[in-house]
Amino acid sequence: VNGALYTHPTHLTSKSYDYIICLTFSRRSAGVGGGVVAHRLSENPDIRILLIEAGPSNEGILPVQVPLLCTSLNPDTAYDWNYTTTPQTGLNGTVLDYPRGRLLGGSSSINYMLWTRGSRDDYDRLARVSGDAGWAWDALVPFMKSVETLAPAVDGHNISGEVDPSVHGTSGPLTVSMSMSVPTDRLVIGATQQLEEFPFVEDMNSGSPIGMGYGQSSIRNGTRDSSATAYIQPALARHKNLDVLLNSHVLRVLKTGSVNGVPVFRGVQFATSANATVFTLNAAREVILSAGAIATPQLLLLSGIGNSARLKETGIRAIVDLPDVGQHMQDHPLVANIFNTSSQDITTDDIQRNSTLAAEELTQWQTSRKGFMTMTIATQIGWFRVRDNSSIFARGDPSAGPTSPHYEMIISDGFAASRETFPNTGRFFTVVTALVSPASRGSVTLASTNPFDNPIVDPNFFSAPVDIAIMREAIKASRRLVSAPVFADYITGEFPLLAAAQTDAEIEAYARSYATTVLHPVGTAAMSAFNASNGVVNPDLTVKGTIGLRVVDSSIFPFIPAAHTQAPTYIIAERAASIIASHGSVPFTESFLPV
Ligand SMILES: Cc1cc2nc3c(=O)[nH]c(=O)nc-3n(C[C@H](O)[C@H](O)[C@H](O)COP(=O)(O)OP(=O)(O)OC[C@H]3O[C@@H](n4cnc5c(N)ncnc54)[C@H](O)[C@@H]3O)c2cc1C
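From a predicted model like this one, the values you see are computed outputs, not experimental measurements.

Peer 1: I'm lost on the sheet that holds strand E6 (residues 148-150) in this one. Help?
Peer 2: Through backbone hydrogen bonds, the strands of a sheet pair up, either in parallel or in antiparallel fashion. The three strands lie next to each other as E6-E7-E9, forming an open sheet whose pairing is mixed. At either end of the open sheet lies a strand with only one pairing partner, and these are E6 and strand E9 (216-217). Pairing of strand E7 (residues 174-178) with E9 involves two bridges; the strand directions are antiparallel. Opposite Met-178, over in E9, you have Gln-216 as the bridge partner.

Peer 1: Help me understand the packing of aromatic side chains in this model?
Peer 2: A ring pair, where both rings are aromatic, is described by two values, the distance of the centres and the angle of the planes. Counted according to the given criterion, the structure contains 15 aromatic pairs. Both rings, one in Phe-428 and one in Phe-495, keep their centres 5.8 Å apart while their planes meet at 85 degrees; by these two values the pair is edge-to-face. Taken together, the residues span a long stretch of sequence, with Phe-428 in strand E23 (residues 428-435) and Phe-495 in the loop between strand E26 (491-494) and helix H12 (496-499) at a distance of 67 residues. Phe-495 matches Phe-428 in its accessibility class, with the two residues each being buried. Linked through ring pairs, Phe-415, Phe-422, Phe-428 and Phe-495 together constitute an aromatic cluster. The ring of Trp-81 carries Arg-102 above its face, with NZ or CZ at 5.0 Å from the centroid. The ring of Trp-365 carries the charged tip of Arg-369 above its face, separated from the ring centre by 3.7 Å.

Peer 1: Please clarify how the packing of helix H1 (residues 32-41) against helix H14 (residues 566-582) should be interpreted in this entry.
Peer 2: Describing two packed helices takes the angle between their axes plus the distance from one axis to the other. Two elements in contact, H1 and H14, have axes whose closest approach is 8 Å; the angle formed by their N-to-C orientations is 35 degrees. Crossing handedness for the pair H1 and H14: right-handed. Facing Val-32, Gly-33, Val-36, Val-37, Arg-40 and Leu-41 of H1, the residues of H14 in contact are Gln-566, Thr-569, Tyr-570, Ala-573, Glu-574, Ala-577, Ile-580 and Ala-581. Residues that form the contact of H1 with H14 fall into these classes: nine nonpolar, three polar and two charged.

The rules behind each value
Residues numbered from 1 in each chain as written. Predicted model: local features only at pLDDT ≥ 70, side-chain atom pairs only at ≥ 80, totals over all residues. Heavy atoms only, no water. Pairing = 2+ DSSP bridges. Helix = DSSP H or I, 4+ residues; strand = E, 2+ residues; numbered from the N terminus. Phe/Tyr/Trp six-rings, centres within 6.5 Å; stacked < 30°, edge-to-face > 60°. Buried < 20%, exposed > 50% of the residue type's maximum accessible area, 1.4 Å probe, protein only. Lys NZ or Arg CZ within 6 Å of the ring centre and 35° of its normal. Axes fitted to C-alpha atoms, helices over the stretch in contact; angles between N-to-C directions. Left-handed = near helix turned anticlockwise from the far one by under 90°. Contact = heavy atoms within 4.5 Å. Nonpolar A, V, L, I, M, F, W, Y, C, P; charged D, E, K, R; others polar.

Read these as spatial facts, not as claims about activity.
Structure below.
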């Protein structure tokens, strides 16, 4: 009993599907959002599901499997959409690479695997904004747990006190595990005991993340776990009602009729390349867009769903006037603060420089799934708030509430900067500071009506004054962290770029010169209440003003969670799958009206 994986549209043996998922629908489908939904829906043998992915399979690609090789998957690779941003005014006009995964599993097949859910207040705000109590933290805990199986650390070290098993799942499809131990663990945790400002947090996935704690990652047995490996492939192996079509680029969704004047969108157009044959399929029940926060708004706009006036200017027939499509984009900017060290231990810096050592580590990974290759980019992660009465909040505090941080520290036992040159000698310690509750808003808009042209991506970093002010405070905090007595013999100085930034103005200039993105776009198809005049999707994730069309991916967050965004996306996709499968009390039934 198994589903089928097709590599070309002409190979499809069926033309009849209840649900067509244009990647990311989670649990037995592709991308994070798409994979989860496909997996869950395929548990019902009475419905047929087709998942369409633009990219190739995730299988047999070594850097996709080996955690430490994750950074080699972008930019400009065959598995990356290779988007770039507009020149960022807040970053002195810099154009940033903007990777997104283009293979089965989507960005979860190329990401850095950090596993963070966000805070209680993040989800309670989502519930408030959407008017649906089902999106609140307490209501979502069962879905959070249903994603995960918590596993022991890859090196077998005792993880008691590093994670709270009671907040985790024990039988979900995706494995969450702790990294191997490294010598700097003792220093970072020591600093939490010496400096009140940086308390230790046993488990940052409990809803109250404030503090510094051990990082958790989507890694199973030293190998990347993704929506492809955890959701799609197991569903294909178990259920014959799921088909996956690879190498097929969805061009747009099509209006297939209307009910009482409401347009029905159950058609999907796709092609293998720009000049190839265009195929069309209709879903009996729904089309689910799970193409991620860049491609989902692009597909909606190409389908005539967006700001009607602007669509007409572009030459696209406007069908549904939803001005918020592609607007309100949010992302997390980061600055990598590098410190020189006196380290006498082998670190990832040595592996980066020494190809013989790297080859030995890879051999060790291949034979035993142990060693440095099982590590991702962080050992510890910290989540902190600027004090509430700070003058930088004169125009309001952008965080979701007291359990939500303003900034994050990602600790790396090595040189972890993408916009600075890796020196030939020396060992380093990096405190990446990321702005996790930003007030800036950007956009995704069409560059042309050609679905194969990349859209215009503008995260608009640091356009809100409070954002650069929080980043400045975060950078200062990184200095205070490494000034803890426990680091005295270890940190020997600051990397020159950081060292030169001393006054507030210099620190802000340093941030604008060296900031890049954590790659967490959201908000471009934002959820709002059923009766709201703004927003793109309803609380059940159906697209407003349509029948038969839903979005399940990271674009639906109206506010960016103060977290790395894969876990939040798996979580919303789990609930979405449950809403779809149960046809709940929500007005989902409209989607079943005959066309
Ligand atoms: C390099 C990188 C590192 C990251 N690191 C982390 C991390 O450590 N921790 C974390 O929590 N998050 C991380 N993220 C973010 C995280 O991976 C995303 O938030 C998450 O994958 C979003 O899921 P999604 O379903 O919205 O979109 P995606 O996972 O991007 O899936 C979208 C899917 O749709 C497909 N698609 C797009 N357009 C079309 C089309 N027209 N036709 C057919 N298919 C299409 C894509 O190929 C892809 O498979 C990282 C992201 C990147 C890119």
